[in-house]
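# Observations on the three-dimensional arrangement
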Amino acid sequence: MPTHKPNNIIYTGVAGTGKTHRLLQIAEQYTDYLPPSDSDCLLDHLLQDRSWREIICLVFLDLKHKGQDLVKVPELVAHTFFLAKAAQNERGKHLNSTAWSVLQMHSPVESQTVNCDNRAGQAYFDKDASGAWYLLPQSQESLAVLGEQLAEYQQACADNRLSNNRVHQQRYTMVSFHQAYGYEEFVEGIRPVIGANKQAYDIQDGAFLKLCQRALRDPNQRYAMLIDEINRANVSRVFGELLSLIEPDKRLGMPNVMRVNLAYSGRVFGVPANVDIYATMNTQDHSLAPLDMALRRRFHFIDCPPQPELLSVIHADNDSRAAIDLGQLLTGLNTRIIQTLGAEAQLGHAFLWSTATFEHLQEALVQQIIPQLAQAAGNQSTILHYIFKDESQPLAAQFVQDSQSFIPSQHLPSAANQNAFLGQSMGTSSYRINPDLVAQKGEFTSADIYQRLY
């Protein structure tokens, strides 16, 4: 029985609170590093615990990737994979006989060129009249997983050759959900397969199923499925019959293990206990369908609130009075945002994370913060005036201006209290961003106007 209980975790919070960054940090925990010079380790990892039939299949797949379909036995035995497997087994003799035996055993009964009395149940190879061997087309589907592992090895070798840094092998898969994302991409689905002369349709594994298959072959390591914006898709449709299988106590090897027949292939499948699932959810996105309650019961939710204490202070001209405390600025904005738009409309600290100068702050306000708050406020300038403390300010010092009123002496009324503010009619007034803020001039070259937001 597994000693590590599977993790099912969703990180929730408003935009800009570092949820996706957490997934990237988690990915590091599921990444193995090898020295760049240790390419033998990569090859040993690829070949370990393989049968001779799998080794020969890998040779064919590798040569096919290089444009060669027909292979004669001496060439096969001289291949790096074959020689490396022989070295692992401390074999130096009779290699040709080993290759011939495996090729003949896994040839089809109806072969016109191979005579063999001891054939295996599944055929992989056949020989043409010239004595060259080739992979049977019908074996391609059963070799899909082996092909993926070969591709991972080839990519790792390429990274090893091109980089002076450490080579990494990922034990995770990361996907981003969206409204059109479905079961076919996540679990399995029917996909077109275009061949040389025709187009056919085949059942192909999705991202989660591929990861689970890797985890089953490597039970001593933990694997992770990383899902960004899980609430952007219909999660019941995406997970399908796997929704029950992801529960920790229903994983393979756990007390209440469950298996199901997959929808398209009909294969019996269970989720390995060494697969962890991490996801993010933006609680601010009200336009999306709410997270399915069945999924809520199967995940542990961790709140990711804004962290203004992580933000820095902008200094100008070595004058402490010209300093802008970004943490206080964000706290001030969020306090008024909660009062008017609710807690789910708050701004995360990531909006100001890279802000180091007045110019950076102005760009963040113009390009991200004000447009996002305007959308949350339905473009109501009255709400925006309250959030940015523009109510009693002259037009030139307003961050947000009423698009219907640009007369400097005309000011918008202030709210007497929160209840009165929320209860009044917002009308149809719209807004525009102060052109001086956009141009980074006028009142917006002074720290005082930003300190006002505290």
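These lines cover the structure that appears in this document, whether it is placed above or below.

## A few points about the sheet that holds strand β1 (residues 8-13)
- As summarised here, the arrangement of the five strands in space is β6-β9-β12-β1-β13, forming an open sheet in which the pairing is parallel. Looking at strand neighbours, the two that pair on one side only are β6 (172-176) and β13 (300-303), the edges of this open sheet. The sheet shows a mean angle of 20° between the axes of neighbouring strands, taken without regard to direction.
- Where β1 and β13 come together, four bridges link them in parallel fashion. Across the sheet, the residue bridging to Thr12 is Asp303, located in β13.
- Against the sheet, helix α1 (residues 19-29) makes contact with β1, β6, β9 (223-228), β12 (275-282) and β13, and its axis sits at roughly 165° relative to β12, the strand it touches most.
- Sheet contacts for helix α9 (residues 207-217): β6, β9 and β12; angle to β9, the most-contacted strand, approximately 165°.

## A closer look at the nonpolar core
- If you look at the biggest cluster of nonpolar residues, it comprises 38 residues, and the most contacted ones within it are Ile324, Leu361, Leu365, Phe388, Phe399, Leu437 and Tyr450.
- The set of elements that each furnish at least two residues to this core consists of β15 (319-325), α13 (326-341), α14 (358-376), α15 (381-387) and α18 (448-451).
- Leave out the neighbours within four places in its chain, and Leu365 touches Ile370, Pro371, Phe388, Phe399, Leu437 and Tyr450.
- The next biggest cluster of nonpolar side chains, apart from the first, holds 37 residues, and it includes Leu43, Ala99, Leu103 and Tyr124.

## Let's talk about the packing of aromatic side chains
- The full count for this structure, using the stated rule, is 16 aromatic pairs.
- Seen from their ring centres, Tyr30 and Tyr278 are 6.1 Å apart, and the 65° between their planes marks the pair as edge-to-face. Placement of Tyr30 in the loop between α1 and β2 (31-34) and of Tyr278 in strand β12 is noted, with a sequence separation of 248 residues between them.
- Between Phe177 and Tyr181, the ring centres sit 4.8 Å apart and the planes meet at 25°, which makes this aromatic pair stacked.
- According to the relative accessible area criterion, Phe177 is buried, its value standing at 2%.
- Site record: aromatic cluster; members linked through ring pairs are Phe177, Tyr181, Phe186, Phe208 and Phe239.
- A cation over a ring is seen here: Arg53 above Tyr124, with NZ or CZ 4.3 Å from the ring centre.

## Focus: the packing of α13 against α14
- Contact geometry for α13 and α14: axes closest at 13 Å, N-to-C directions at 10°. By the angle between their axes, α13 is roughly parallel relative to α14. Relative to α14, α13 is oriented so that their crossing is right-handed. For the pair formed by α13 and α14, the contact residues are Leu326, Leu329, Ile337 and Leu341 on the first element and Leu361, Leu373 and Ala376 on the second.

## Considerations on the packing of helix α3 (residues 52-65) against helix α6 (residues 95-105)
- In contact at an axis separation of 10 Å, α3 and α6 are set at 90° when each is read in the N-to-C sense. In this view, α3 runs roughly perpendicular relative to α6, as classed from their interaxial angle. Here Trp52, Arg53, Ile56 and Phe60 of α3 lie close against α6, whose contacting residues are Thr98, Ala99, Val102 and Leu103.
- Of the residues that constitute the contact of α3 with α6, the class distribution is six nonpolar, one polar and one charged.

## Remarks on the side chain of Lys19
- Here Lys19 lies in helix α1.
- Of note is the side chain of Lys19, whose polar atom sits 3.4 Å from the backbone oxygen of Gly13.
- Residues in contact with Lys19, not counting those within four places in the same chain, are Tyr11, Thr12, Gly13, Val14, Thr280, Met281, Asn282 and Cys304.

## Digging into α6
- When we look at burial in α6, the residues that qualify are Leu95, Thr98, Ala99, Val102 and Leu103. Buried residues in α6, looked at end-on, bunch into an arc of 125°, giving them a common side.
- On its buried side, α6 packs onto α3, α4 (73-77), α5 (80-88), β3 (125-127) and β4 (133-135).

## Some thoughts on a nonpolar patch on the surface
- A cluster of nonpolar side chains, Ile190, Tyr201 and Tyr264, forms an exposed patch at the surface whose accessible area comes to about 330 Å².
- If you trace the backbone, Tyr201 turns up in strand β8 (residues 199-205).
- Tyr201 sits in the exposed class, given a relative accessible area of 58%.

## Quick look at the pairing of β9
- Across the six residues of β9, six count as buried, placing the element largely inside the fold.
- The alternating pattern of β9 places Tyr223, Met225 and Ile227 on one face and Ala224, Leu226 and Asp228 on the opposite face, and all of these are buried.
- Note that β6 and β9 share five bridges and pair parallel. By the bridge assignment, Met174 is partnered in β9 with Leu226.
- Strand direction decides the pairing type here: β9 and β12, joined by five bridges, are parallel. The partner of Ile227 across the bridge, within β12, is Ala279.

## A few points about unusual backbone geometry
- Of note, Glu229 is a non-glycine position whose phi angle comes to about 60°, a positive value.
- With phi around 55°, Gln440 is a residue other than glycine that occupies positive phi space.
- In this fold, Gln440 is placed in the loop between α17 (435-439) and α18.

Quick notes on the rules
- Residues numbered from 1 in each chain as written.
- Predicted model: local features only at pLDDT ≥ 70, side-chain atom pairs only at ≥ 80, totals over all residues.
- Heavy atoms only, no water.
- Pairing = 2+ DSSP bridges.
- Helix = DSSP H or I, 4+ residues; strand = E, 2+ residues; numbered from the N terminus.
- Axes fitted to C-alpha atoms, helices over the stretch in contact; angles between N-to-C directions.
- Contact = heavy atoms within 4.5 Å.
- Core = buried A, V, L, I, M, F, W, Y, C linked by side-chain atoms within 4.5 Å.
- Buried < 20%, exposed > 50% of the residue type's maximum accessible area, 1.4 Å probe, protein only.
- Phe/Tyr/Trp six-rings, centres within 6.5 Å; stacked < 30°, edge-to-face > 60°.
- Lys NZ or Arg CZ within 6 Å of the ring centre and 35° of its normal.
- Parallel < 35°, antiparallel > 145°, perpendicular 65-115°, else oblique.
- Left-handed = near helix turned anticlockwise from the far one by under 90°.
- Nonpolar A, V, L, I, M, F, W, Y, C, P; charged D, E, K, R; others polar.
- Polar contact = N/O pair within 3.5 Å; in protein donor to acceptor, adjacent residues only side chain to side chain.
- Arc of directions from axis to C-beta.
- Patch = residues over 30% accessible without salt bridge, like charges linked within 9 Å, V, L, I, M, F, W, Y side chains within 5 Å.
- Areas by Shrake-Rupley, 256 points an atom, 1.4 Å probe, with all protein chains shown as cover.
- Salt bridge = Lys/Arg side-chain N within 4 Å of Asp/Glu carboxyl O.

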